[in-house]
Amino acid sequence: MLRAPAVLLILVSAACSSSGSGPGGAGLPCTTSAACGAGETCAYPTAAGCFAAGSCVTTFAVRCNLIVLACACDGTGVDISGCDGMPAGYASKPFLHKGVCN
């Protein structure tokens, strides 16, 4: 019974280490978009609030002109509309709350 968990641990470790090869890549951790590959940007999940960690996400063509302002954790404004080329639920900075910053 001890053998199976050890094998699983090795497989998980191998899978994680191989995903980080090359510059950038979807899902990789980041702090700036320079760490991401072509057609990707560094984005933060809004559901995680100020504890969000950045990860590289594939960007897409903007399909609307809506802007939904919110306050980022650094006190600056951020658009969370989903019309910024990022997948729904992601922002360009860690997200504090909806509405403008006070």
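Above this text sits the structure in question.
**Details of the pairing of strand 3 (residues 54-58)**
In terms of residue burial, strand 3 counts as a mostly covered element, since four of its five residues are buried. Examined bridge by bridge, strand 1 (residues 29-30) and strand 3 share two bridges and lie antiparallel to one another. In the strand pairing of strand 3, Pro-29 is matched with Ser-55.

**Re the state of the cysteines**
Under the criterion given, the structure shown has four disulfides. One disulfide bridge connects Cys-50 with Cys-73, the sulfur atoms lying 1.9 Å from each other. Judged by the sign of its S-S torsion, about -105°, the cystine formed by Cys-50 and Cys-73 is left-handed. Separated by 23 residues along the polypeptide, Cys-50 in the loop between strand 2 (40-45) and strand 3 and Cys-73 in the loop between strand 4 (69-72) and strand 5 (77-79) bring together distant segments of the chain. A residue is classified by how much of its surface remains accessible, and Cys-50, at 39% relative accessible area, is partly exposed. Owing to a relative accessible area of 30%, Cys-73 belongs among the partly exposed residues under this scheme.

**Let's talk about the pattern of salt bridges**
Within this structure, the stated rule accounts for one salt bridge. Lys-93 is the salt-bridge partner of Asp-74, the closest N and O atoms lying 3.7 Å from each other. On the criterion of sequence distance, the pair formed by Asp-74 in the loop between strand 4 and strand 5 and Lys-93 in the loop between strand 6 (90-91) and strand 7 (95-98) is long-range, its members being 19 residues apart. Here Asp-74 falls in the exposed class, since its relative accessible area comes to 52%. Residue classification places Lys-93 among the partly exposed positions, given a relative accessible area of 27%.

**Remarks on the environment of Val-68**
Mapped onto the elements of the fold, Val-68 is located in the loop between strand 3 and strand 4. Residue class for Val-68 comes out partly exposed when judged on its relative accessible area of 29%. Each C-alpha atom, one on Val-68 and one on Asp-79, is 5.4 Å from the other, the two residues being eleven residues apart in sequence. In contact with Val-68, not counting residues within four places along its chain, are Val-78, Asp-79, Ile-80 and Ser-81.

**A closer look at a nonpolar patch on the surface**
A contiguous nonpolar surface patch, about 300 Å² in accessible area, is contributed by Ile-67, Leu-69 and Val-100. By secondary structure assignment, the location of Leu-69 is in strand 4. The class of Leu-69 is partly exposed, set by a relative accessible area of 46%.

**Here we look at the nonpolar core**
By size, the foremost hydrophobic cluster in this structure holds seven residues: Leu-28, Cys-30, Cys-36, Cys-42, Tyr-44, Ala-52 and Cys-56. When sequence neighbours within four positions are dropped, the list of residues in contact with Cys-42 reads Cys-30, Thr-31, Thr-32, Ser-33, Cys-36, Gly-54, Ser-55 and Ser-92. Counting six residues, the second largest nonpolar core, distinct from the first, contains Ala-72, Ile-80, Ala-91 and Phe-95.

Analysis parameters
- Residues numbered from 1 in each chain as written.
- Predicted model: local features only at pLDDT ≥ 70, side-chain atom pairs only at ≥ 80, totals over all residues.
- Heavy atoms only, no water.
- Buried < 20%, exposed > 50% of the residue type's maximum accessible area, 1.4 Å probe, protein only.
- Helix = DSSP H or I, 4+ residues; strand = E, 2+ residues; numbered from the N terminus.
- Pairing = 2+ DSSP bridges.
- Disulfide = S-S within 2.5 Å.
- Salt bridge = Lys/Arg side-chain N within 4 Å of Asp/Glu carboxyl O.
- Contact = heavy atoms within 4.5 Å.
- Patch = residues over 30% accessible without salt bridge, like charges linked within 9 Å, V, L, I, M, F, W, Y side chains within 5 Å.
- Areas by Shrake-Rupley, 256 points an atom, 1.4 Å probe, with all protein chains shown as cover.
- Core = buried A, V, L, I, M, F, W, Y, C linked by side-chain atoms within 4.5 Å.

What is shown is where atoms sit, not what they do.
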